[in-house]
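# Geometric and topological summary
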Amino acid sequence: MTALPVAPTTRFPSPEDTTAVGPPESRGIPRDGVRLLVARPDRLDDVHFRDIGRFLRRGDVLVVNTSATEAREVDAWSPRHGDLVVHLATPLDWADGEAGDASWVVELRSAPAAASPVLDARSGEQVHLGEGVVATLVDGYPALGSSPTGHGNRLWRASVTGDLAGLTRRVGRPIAYGYLDRRYPLRDYQTVFSRDPGSAEMPSAGRPFTNRLVTRLVRSGVLVAPVLLHTGVSSQDAGESPQPERFEVTADTAALVNAARSRGGRVVAVGTTATRAIESAAEVDGLVEAAGGWTELVIGPNRPVRVVDGLVTGWHNPEASHLLLVEAVAGAELTQNAYDAAVEQGYAWHEFGDSCLILPG
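In this report, we go over the structure that sits alongside the text.

Cut-offs and rules
- Residues numbered from 1 in each chain as written.
- Predicted model: local features only at pLDDT ≥ 70, side-chain atom pairs only at ≥ 80, totals over all residues.
- Heavy atoms only, no water.
- 1 Å grid on protein atoms, 1.4 Å probe; cavity = no way out; pocket = protein on both sides within 12 Å on 5 of 7 lines; lining within 4 Å.
- Points joined across faces, edges and corners; volume = space filled by probe spheres on them.
- Nonpolar A, V, L, I, M, F, W, Y, C, P; charged D, E, K, R; others polar.
- Core = buried A, V, L, I, M, F, W, Y, C linked by side-chain atoms within 4.5 Å.
- Buried < 20%, exposed > 50% of the residue type's maximum accessible area, 1.4 Å probe, protein only.
- Contact = heavy atoms within 4.5 Å.
- Helix = DSSP H or I, 4+ residues; strand = E, 2+ residues; numbered from the N terminus.
- Phe/Tyr/Trp six-rings, centres within 6.5 Å; stacked < 30°, edge-to-face > 60°.

### Re empty space enclosed by the protein
Under the defined criterion, the tally for this structure stands at one cavity of 30 Å³ or more. Taken as a whole, the largest cavity encloses approximately 30 Å³ of empty space. Taken together, Asn65, Thr191, Phe193, Pro203, Gly206 and Val270 make up the lining of the largest cavity. A per-class count over the lining of the largest cavity returns three nonpolar, three polar and no charged.

Written out as structure tokens, the structure reads:
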């Protein structure tokens, strides 16, 4: 991974003691019952997610990611490292080696809980995923020496032989990290918008929405615009840029967003993934065009948002690249105020945690 050109300015303590260790349902809380901090320049409101409609207006448009999460974590073994956990981040567009081989971006992590990255792997190393599936590490992704720590590679481009799709169907599981209290089924990693399989990790900002809540919002005049962005792994170390990801914005969605903006509606992106997708299709003048392919867009001071007026998001780790995007939407002061309040009031972090609605205008 490459280093971010600039660092986010928001500062707050690391949230280990407030990490959500499982889905809210496992704690007796419905999806839309998680907490929601509504951050506006003149006030901060502490409500539940099901109350989000109070803060949206007729004609606003929610941009949502329809990517569905796949089972992309498997146990593995290599002669150099012994037991490993492999995260299958992203399939690439080109093939390597013999016919039938597939090229993937992979991450090696420590066994058994994938708690930390393995950074000392080498080109040519073979990682055995089971059932005859072997991943041969080719080079660092996007280049050798891709860890911004200066030591090794966190992501690798690998040539994979064998029936990887069959393996993941049989023994694959959702990508998870050491902070969860146990394994959870793939259905817990889907959102109400999930339609198109392809994400390595859940586009988690959309998780608190329910069918009933979306229906209520639509009846009130809030519009819903689907985009597609297949996420890679979200385990970036501090200071890492997001990896390239596949996306699509259709002509229908572009027309809906443009029409809403022309009538004064606000564009509220549900998550950093939806923001990255819609902004990747935005021209300099803010007009959205149909677009797709790979995006390497990094939203921040060097490339401010052009379309997005508000953001539904979870809570991100200190110095994460996602914070640059949040600051680009909200401004540094409002972002800092929101995070200070979330820390003080004990909001829950990570994919099963609480939410924030940022409305800077």
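### A few points about the nonpolar core
Val63, Val257, Ile278, Val288 and Trp315 are the most contacted members of the largest nonpolar core, which totals 41 residues. Ignoring anything within four residues of it in the chain, the contact list for Trp315 reads Leu37, Ala338, Tyr339, Ala342, Tyr347, Ala348, Trp349, His350, Asp354, Ser355 and Cys356.

### Regarding helix H4 (residues 272–280)
Three- or four-residue spacings in an α-helix give side chains the same orientation, since the helix completes a turn every 3.6 residues. For H4, a buried count of eight out of nine residues is recorded, marking the element as mostly surrounded by other parts of the structure. Here H4 has its buried residues at Thr272, Thr273, Ala274, Thr275, Arg276, Ala277, Ile278 and Glu279.

### Concerning the packing of aromatic side chains
Enumeration over the complete set of coordinates arrives at 11 aromatic pairs. Judged by centre distance (5.7 Å) and plane angle (70 degrees), the ring pair of Trp315 and Tyr347 falls under edge-to-face. With a gap of 32 residues between them, Trp315 in the loop between strand S16 (310–313) and helix H5 (321–330) and Tyr347 in the loop between helix H6 (332–344) and strand S17 (355–358) connect regions that are remote in the sequence. Taking relative accessible area as the criterion, Trp315 reaches 3% and is therefore assigned buried. Overall, the relative accessible area of 0% leaves Tyr347 in the buried class.

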